[in-house]
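Reading the structure
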Amino acid sequence: MLAASSYAKEAIISFKGKPIVIEKEVSWTKKKHHPNKYYYQGSFTLISATKTDQDLIIQFSKTGKVRVVLTSDSGKTQELLTGALLPLNKRSHPSNINAVQFSLIKNQPYKVDIYYEPVYSIYNPAKFKLTIEPTTFFEQQDTGRLFWQGMFLGTILVMALYNLFIFYGVRDESYLYYVFSIIGLGLYLAFYYGFGIEYLWPNSPRWDTFCYSIIVPLTNIARLLFTKTYLSTGKYMPATNRIIQLLILACSLLLVSGIISFIYDIDLFEPLVTGVGIIGTLVLIFMLVAGLIAYYKDQYEPAKYFIAANALLVIGAILFILREMSLVEDNFYTRYILQIGFVIQVIIFALGLASRYNRTRVTVKLLEESKEQLSQLNSVKDKLFSIISHDLRNPLATMQSFLKLITQHHEKLNEDEKKKMIKEAQDSLDYLNELLYNVLQWSKSQMHLLAFKPEQLQAKNALEKNIRLLYLQAHMKQVQIEHLIPEEHFIYADKEMLDFIIRNLLSNAIKFSHKNSVILLSTEQKEQHILIHVMDEGIGMSDQTIEQLQKASLSNSRRGTAKERGTGLGLLICKEFIAKHGGELLISQRNEKGSQFTVLLPNEAT
């Protein structure tokens, strides 16, 4: 196609009003006009074969600068300019496409001289291809290009804004990197399809040429960071994460090279195009591989969306890159599979990011619940340490002191003093016994050593037994325990846990009752549940006390009417045992005086 030094015979082309492609008809000569600059020159004669004048477009392969000189038979000349390195307003036809527009008068030949200057190696033509077509036909094609590509770029913008809003809502950095990758792809396609020079930077043609080498590495870095955060490679896949870091480094080197070449106007396009193509292909392939590893090796559920979203996009992007590197031919698949893949990716990633967000929400919720449970356990631990260090030590010290006084100073004490000390020692021993039993039961419960074996129990037999066990405690305080338990009432409960619950509630009722008062234990049938009421005529409770008791924690206990001590541990165990039955503990202040504790339990197996 290139003549070494002189023109070949001019081609005479007859234009008949339909688009024609000129490729082999024109010979070209390569000429130098500067030690490091050159241009190609070619010419042909164009004759209109139509019956009317024509407005025509001559379209060229993309190059740096093109100067077209038209000479009519009368000797009149017209100079037209186009090229990727000219601002849009200096081009004969203000379009991203390298084209010139002119009028062809019917039956009049025109000599067309073309001066084709690449300027940069990226614009050095592999072959010379000219297309001549009516202006109306060209504009129809260009309108279609603007419409469909505009729709696609609009989709990219909408999805970028959508995911940006999601990021601001959930603060998940995966969304942010995905937004950057979408914007990067949008900017690249805006450059590729001419929206950049036509709408974004019409007076910066040099940037339009160099931006490819900057936008693509930045986009690949965003893709890699998205992969890293979406798949959590730093936490679950350290080997994969190291490869991602290496690819980010390679993209960064390409990015720096592109910036340097733009700032200092250095022609590094051939190595940059090759490097960007190879690294870009590796990035896309590795994204897919990382998704497969995360799903099949680590069973990471959101990875399945990552794989599905990237599969077609990776294939389309690789075909696109290979076409740009002139390694595969230009056709529908190599040109548009990338865009189809992106639309599919957007849809699938919308589901994938939602899945990951839901997974993150569940994880955060579990962490918050674990934090709350840990806080409760710490509170219990502190209380248990307090019990061990204070509540256990004090009664033991009291008993030791009383016994020492009785044994060592027996002769000096009168009978009343001896009786008083023996009673105090007995009270300390009773308190210590109750405390140790409660601690033992609570420890078993926390370590899941208590087997839960519910069975059908007759309410009267099960509850009266506990009244008898507490008879002496009530008698010593001159408190009477009455019961109202119909024989037809049944309870479905674990026998040992039920005994603990009733004894604890009755013991508390005795503790907070006045002398010569009555405690009533009764049952009430209610559909599939039975209500066990423990009502006393004691000191009652304030709303604040009721609120503290309702909380499932060890609260500061109150002293009884006879200064009896307590820890609140028994009530905590009661709540845990009731919860195992699927029941509920209700606490209230009686209208007349005293308190009421109600245990709701099932009356049959469910």
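The structure this text deals with has already been given above.
Residues numbered from 1 in each chain as written. Predicted model: local features only at pLDDT ≥ 70, side-chain atom pairs only at ≥ 80, totals over all residues. Heavy atoms only, no water.

1. Details of the overall build of the protein chain
Broken down by element type, the protein chain carries 17 helices and 18 strands. Sorting the 606 residues of the protein chain into buried and exposed places 46% on the buried side. Expressed as a percentage of contacts within the protein chain between residues at least 6 apart in sequence, the contacts between residues at least 24 apart total 72%. Total accessible area on the protein chain is roughly 31,900 Å²; 57% of this is exposed by carbon and sulfur atoms. (Helix = DSSP H or I, 4+ residues; strand = E, 2+ residues; numbered from the N terminus. Buried < 20%, exposed > 50% of the residue type's maximum accessible area, 1.4 Å probe, protein only. Contact = heavy atoms within 4.5 Å. Areas by Shrake-Rupley, 256 points an atom, 1.4 Å probe, with all protein chains shown as cover.)

2. Digging into the sheet that holds strand β13 (residues 480-484)
Read from one edge to the other, the open sheet built from five strands follows the order β13-β15-β16-β18-β17, with strand pairing classed as mixed. Here the strands that pair on one side only, and so sit at the sheet edges, are β13 and β17 (584-589). Here the strands of the sheet are splayed against their neighbours by 15° on average, with no regard to which way each runs. In the sheet, β13 pairs with strand β15 (residues 518-526) via five bridges, with the strands oriented parallel. Opposite E482, over in β15, you have L520 as the bridge partner. (Pairing = 2+ DSSP bridges. Axes fitted to C-alpha atoms, helices over the stretch in contact; angles between N-to-C directions.)

3. Focus on the nonpolar core
Y188, L189 and L231 are the most contacted members of the largest nonpolar core, which has 58 residues in total. Apart from the residues within four sequence positions on either side, L189 is in contact with F152, L153, I156 and L338. (Core = buried A, V, L, I, M, F, W, Y, C linked by side-chain atoms within 4.5 Å.)

4. Re a nonpolar patch on the surface
A cluster of nonpolar residues, V256, I259, I260, I263, Y264, I266 and L268, forms a patch on the protein surface that exposes about 610 Å² of accessible area. Look at I266 and you get partly exposed, because its relative accessible area is 34%. (Patch = residues over 30% accessible without salt bridge, like charges linked within 9 Å, V, L, I, M, F, W, Y side chains within 5 Å. Salt bridge = Lys/Arg side-chain N within 4 Å of Asp/Glu carboxyl O.)

5. Quick look at the packing of aromatic side chains
Applying the stated criterion across every chain yields a total of 22 aromatic pairs. Seen from their ring centres, W28 and F128 are 4.4 Å apart, and the 15° between their planes marks the pair as stacked. Highlighted residues: W28 in strand β4 (residues 28-34) and F128 in the loop between β10 (110-117) and β11 (130-134), separated in sequence by 100 residues. The two residues W28 and F128 agree in class, both being buried. (Phe/Tyr/Trp six-rings, centres within 6.5 Å; stacked < 30°, edge-to-face > 60°.)

6. Considerations on helix α15 (residues 495-511)
Here α15 spans 24 Å end to end across 17 residues, near enough to the 24 Å set by a 1.5 Å rise per residue. Across the 17 residues that make up α15, a large majority, 14, are buried. Its side-chain oxygen 3.1 Å from the backbone nitrogen of E496, D494 forms the N-cap of α15. (Expected span 1.5 Å × (residues − 1). Polar contact = N/O pair within 3.5 Å; in protein donor to acceptor, adjacent residues only side chain to side chain.)

7. With respect to the sheet that holds strand β9 (residues 99-104)
Within a sheet, adjacent strands bond to each other through the backbone by hydrogen bonds, running parallel or antiparallel. Spatially, the four strands line up as an open sheet ordered β3-β11-β6-β9, and their pairing is antiparallel. Looking at which strands have only one partner, the edges of the open sheet turn out to be β3 (20-22) and β9. Recorded for the sheet is a direction-independent mean angle of 25° between the axes of neighbouring strands. Note: β3 against β11, three bridges, orientation antiparallel. Across the sheet, residue I20 finds its bridge partner in β11, namely I132.

8. Quick look at the environment of D55
Positionally, D55 belongs in strand β6 (residues 54-60). Sequence separation between D55 and T135 is 80 residues, and the spatial gap between their C-alpha atoms is 5.6 Å. Looking at D55, its side chain comes within polar contact range of the side chain of S103, at 2.7 Å.

9. Digging into the environment of S103
The topology assignment puts S103 in strand β9. Assessed through its relative accessible area of 44%, S103 is described here as partly exposed. Sequence-wise, S103 and D53 are 50 residues apart; in three dimensions their C-alpha atoms are separated by 7.1 Å.

10. So, the side chain of S95
Within the secondary structure, S95 is located in the loop between β8 (77-82) and β9. Look at S95 and you get buried, because its relative accessible area is 1%. A distance of 3.1 Å separates a polar atom in the side chain of S95 from the backbone nitrogen of I97. Once you skip the residues sitting within four places of it in the chain, S95 turns out to touch L88, D142, R145 and E198.

11. Considerations on the packing of α15 against helix α17 (residues 569-580)
The interhelical angle for the contact between α15 and α17, taken along N-to-C directions, is 140°, at an axis separation of 9 Å. Comparing the axis directions of α15 and α17 gives the class oblique. Pair α15 / α17 crosses with left-handed handedness. For the pair α15 and α17, the contacting residues are M497, F500, I501, N504 and L505 in the first and G570, L571, I573, C574, F577, I578 and K580 in the second. Looking at side-chain class alone, the contact of α15 with α17 contains nine nonpolar, two polar and one charged residues. (Parallel < 35°, antiparallel > 145°, perpendicular 65-115°, else oblique. Left-handed = near helix turned anticlockwise from the far one by under 90°. Nonpolar A, V, L, I, M, F, W, Y, C, P; charged D, E, K, R; others polar.)

12. Looking at α17
Over its twelve residues, α17 extends 17 Å from the first C-alpha to the last, a length consistent with the 16 Å expected when each residue adds 1.5 Å. When α17 is considered as a whole, its buried residues turn out to be L569, G570, L571, L572, I573, C574, K575, F577 and I578. Trailing α17 by a residue or two, G582 shows a phi angle of about 75°, which is positive.

13. Topic: the environment of E173
With respect to the element layout, E173 can be found in helix α2 (residues 173-192). The spatial distance from the C-alpha of E173 to the C-alpha of F226 is 8.1 Å, given a sequence separation of 53 residues. Excluding residues within four positions of it along the chain, E173 makes contact with F167 and T229.

14. Here's the deal with the packing of helix α5 (residues 212-230) against helix α8 (residues 269-296)
Closest axis-to-axis distance for the α5/α8 pair is 10 Å, and the angle between their directions is 15°. As far as their axial angle goes, α8 and α5 are roughly parallel. The element α5 and its partner α8 pack so that their crossing is left-handed. For the pair α5 and α8, the contacting residues are Y212, S213, V216, P217, N220, R223, L224 and T227 in the first and L272, V273, V276, G280, V283, L284, M287 and A290 in the second. Residue composition of the contact of α5 with α8, grouped by class: eleven nonpolar, four polar and one charged.

15. Digging into unusual backbone geometry
Although it is not a glycine, D265 sits at a positive phi angle of roughly 55°. Inspection of the secondary structure assignment puts D265 in the loop between α7 (238-263) and α8. For Q478, which is not a glycine, the phi torsion comes out positive at approximately 60°. Among the secondary structure elements, Q478 is positioned in the loop between α14 (471-476) and β13. Classification of Q478 as partly exposed rests on a relative accessible area of 42%.

Shape is all these values report; function is a separate question.
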